[in-house]
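# Descriptive structure summary
One letter stands for each residue in the lines below.
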Amino acid sequence: MFNTARLQVVLEIARHGTIVAAAEQLRLSPSAVSHQLATLEQEAGVALVDRGPRSLRLTVAGQRLADYAQQIIDLMSVARDELSAHGEGRRGLLRIGFFATAGTELLPRALSSFTANHPQVELALILGQPSDLLPRLNQGELDLVMVFAHPLSPTPEVPFAKVSPLMVDPQLVVLPAGHPLAGRRLRLTDLADEPWITTLGVQGEVSVLELAARAEGFQPRIRCRSDHYEVVLGLVRAGVGVALVPSLGLRDPGEVAVQPLAHANLHREIGVALRPGNPNPVVGSFVDRLTDAAAALSQELVQRWPRVPASRSTTVPHRRSSATVARSAPDGNAAITA
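## Things to note about the overall build of the chain
Broken down by element type, the chain carries 10 helices and 11 strands. With 338 residues in all, the chain has 46% of them scored as buried. In the chain, the proportion of contacts linking residues at least 24 apart, taken out of those at least 6 apart, comes to 75%. Accessible surface, the chain: about 16100 Å² in total, of which carbon and sulfur atoms supply 51%.

## Overview of the packing of helix α2 (residues 19-26) against helix α3 (residues 30-44)
Put simply, α2 and α3 touch, their axes get as near as 8 Å, and they point 105° apart. Considered as vectors, α2 and α3 are oriented roughly perpendicular to each other. Taking contact as the criterion, the partners of I19, V20, A23 and L26 in α2 are, on α3, P30, V33 and S34. Here the contact of α2 with α3 is composed, by residue class, of six nonpolar, one polar and no charged.

## Thoughts on unusual backbone geometry
We note that R27 has phi near 60°; this positive angle belongs to a residue other than glycine. Locating R27 in the fold gives a position in the loop between α2 and α3. Classification of R27 by relative accessible area gives exposed; the value is 79%.

## Points about the packing of aromatic side chains
The final tally for this structure, using the stated rule, is two aromatic pairs. On the numbers, 4.8 Å between centres and 70° between planes, the contact of F99 with F148 is edge-to-face. Here F99 is found in the loop between β3 (91-98) and α5 (106-117), whereas its partner F148 is found in strand β5 (residues 144-149), with 49 residues between them in sequence. By relative accessible area, F99 is classed as buried at 0%. Between the aromatic rings of F114 and F286, the centroid separation amounts to 5.5 Å while the plane-to-plane angle is 90°, which identifies the pairing as edge-to-face.

## Notes on a nonpolar patch on the surface
A cluster of nonpolar side chains, namely Y68, I72 and M76, defines an oily patch on the protein surface of about 270 Å² accessible area. With respect to the secondary-structure elements, Y68 resides in helix α4 (residues 60-87).

## Section: the nonpolar core
Formed by 42 residues in total, the largest nonpolar core has its most connected members in L94, L106, L144, M146, L166, M167 and F286. Counting residues per element, this core draws most heavily on helix α9 (residues 283-304), which supplies eight residues. Setting aside anything within four residues of it in sequence, one finds L94 in contact with F114, V121, E122, L123, A124, D143, L144, N280, V282, V283 and F286. Listed in part, the 18 residues of the second largest apolar core include I19, A23, L40 and L58.

## Details of the environment of V242
Along the chain, V242 turns up in strand β9 (residues 242-246). Remark: the alpha-carbon pair of V242 and V256, spanning 14 residues in sequence, is separated by 9.8 Å. Beyond its immediate sequence surroundings of up to four residues, V242 is in contact with V174, L175, P176, H179, E194, P195, W196, I197 and V236.

## Focus on the pairing of β5
For β5, the buried fraction is high: six of the six residues fall into the buried class. Burial of β5 is two-sided: the residues L144, M146 and F148 facing one way and the residues V145, V147 and A149 facing the other way are all buried. Sheet topology note: the β5/strand β11 (residues 267-274) ladder contains six bridges and is antiparallel. When the bridges of β11 are listed, A149 appears paired with E269.

## Concerning the side chain of T198
In this structure, T198 sits in strand β7 (residues 195-198). Owing to a relative accessible area of 6%, T198 belongs among the buried residues under this scheme. Looking at T198, its side chain comes within polar contact range of the side chain of S207, at 2.9 Å. Beyond its immediate stretch of four places on either side in the chain, T198 contacts S207, L209, I222, C224, R225 and S226.

## What to know about the environment of A257
Looking at the element boundaries, A257 is found in strand β10 (residues 256-260). Accessibility expressed as a relative area gives 15% for A257, which makes it buried. Among all residues touching A257, those that are not within four sequence positions of it are V173, V174, L175, P176, A177 and A182.

## Digging into helix α1 (residues 4-16)
Its 13 residues give α1 an end-to-end C-alpha distance of 18 Å, which sits within 8% of 18 Å, the value for a rise of 1.5 Å per residue. Of all the residues in α1, the buried ones are R6, L7, V9, V10, L11, E12 and I13.

Calculation rules
Residues numbered from 1 in each chain as written. Predicted model: local features only at pLDDT ≥ 70, side-chain atom pairs only at ≥ 80, totals over all residues. Heavy atoms only, no water. Helix = DSSP H or I, 4+ residues; strand = E, 2+ residues; numbered from the N terminus. Buried < 20%, exposed > 50% of the residue type's maximum accessible area, 1.4 Å probe, protein only. Contact = heavy atoms within 4.5 Å. Areas by Shrake-Rupley, 256 points an atom, 1.4 Å probe, with all protein chains shown as cover. Axes fitted to C-alpha atoms, helices over the stretch in contact; angles between N-to-C directions. Parallel < 35°, antiparallel > 145°, perpendicular 65-115°, else oblique. Nonpolar A, V, L, I, M, F, W, Y, C, P; charged D, E, K, R; others polar. Phe/Tyr/Trp six-rings, centres within 6.5 Å; stacked < 30°, edge-to-face > 60°. Patch = residues over 30% accessible without salt bridge, like charges linked within 9 Å, V, L, I, M, F, W, Y side chains within 5 Å. Salt bridge = Lys/Arg side-chain N within 4 Å of Asp/Glu carboxyl O. Core = buried A, V, L, I, M, F, W, Y, C linked by side-chain atoms within 4.5 Å. Pairing = 2+ DSSP bridges. Polar contact = N/O pair within 3.5 Å; in protein donor to acceptor, adjacent residues only side chain to side chain. Expected span 1.5 Å × (residues − 1).

Here's what the structure looks like:
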């Protein structure tokens, strides 16, 4: 195995033609360069220079080795620059797990800002439920997972992850256009007699709506269950029933009445789960962008749905380093519409 420092000696001799000039370029003594050259010839098993009484020139073998030395040194320079870019977070791979409604506005906003400043970072975006994605975070297959939790359905802590809270996503009631209750400030009990479109549920067939209704003393009449908010909204538009939909699922509701409910626990807490000790240097930069996007979106939700209580919708944490955030993780539930 040739020593790269000795290969540099041959390369400088090829460039400058003399041992003295090569020594000056390498900041070595001529005797040190001669010693390196002699050692390299022993390792190669062939003469690399033709020494005349007043001149020195590379042999054919020496010139070939100088050509290879240039290629090796160029490749090492490229590798050094690329590794430096990885270490500084300018290049690399970021693997993100996210649930569906996070991918409508929150994630795209963060990615737009991130990719503008990190154009050489490759992205792998994996759509799924948090409960399915978190094990992949634990196994090192993902760098972060966007998660959510419902206060009415507490989720267990995830010991292998730390969660940075991002925003509160209020659950809003969606009614057919022209519904007699549209435009009024409502409580859940005001809708006790309405037919409902709801999700598949967090505990078997028990949805967040049903958990909230039970706490209010009634059993809602369910006409359909769907994990797709496009289906839910379509059925509401058709007058089939009313529904609870998180604000992130209402980007373009169209021809329905949307309004908040007077209920302290009908919202989702959205966060980003991180694996402690992850050496990927780009994670922190992206989490900062995600935190900024969540803060801006939370403020916009107040304008978009002005009757949403500000004390809930604008509860956004100050930015914290991904390495220092510690909180019980909302790990999501596979059956909850995301």
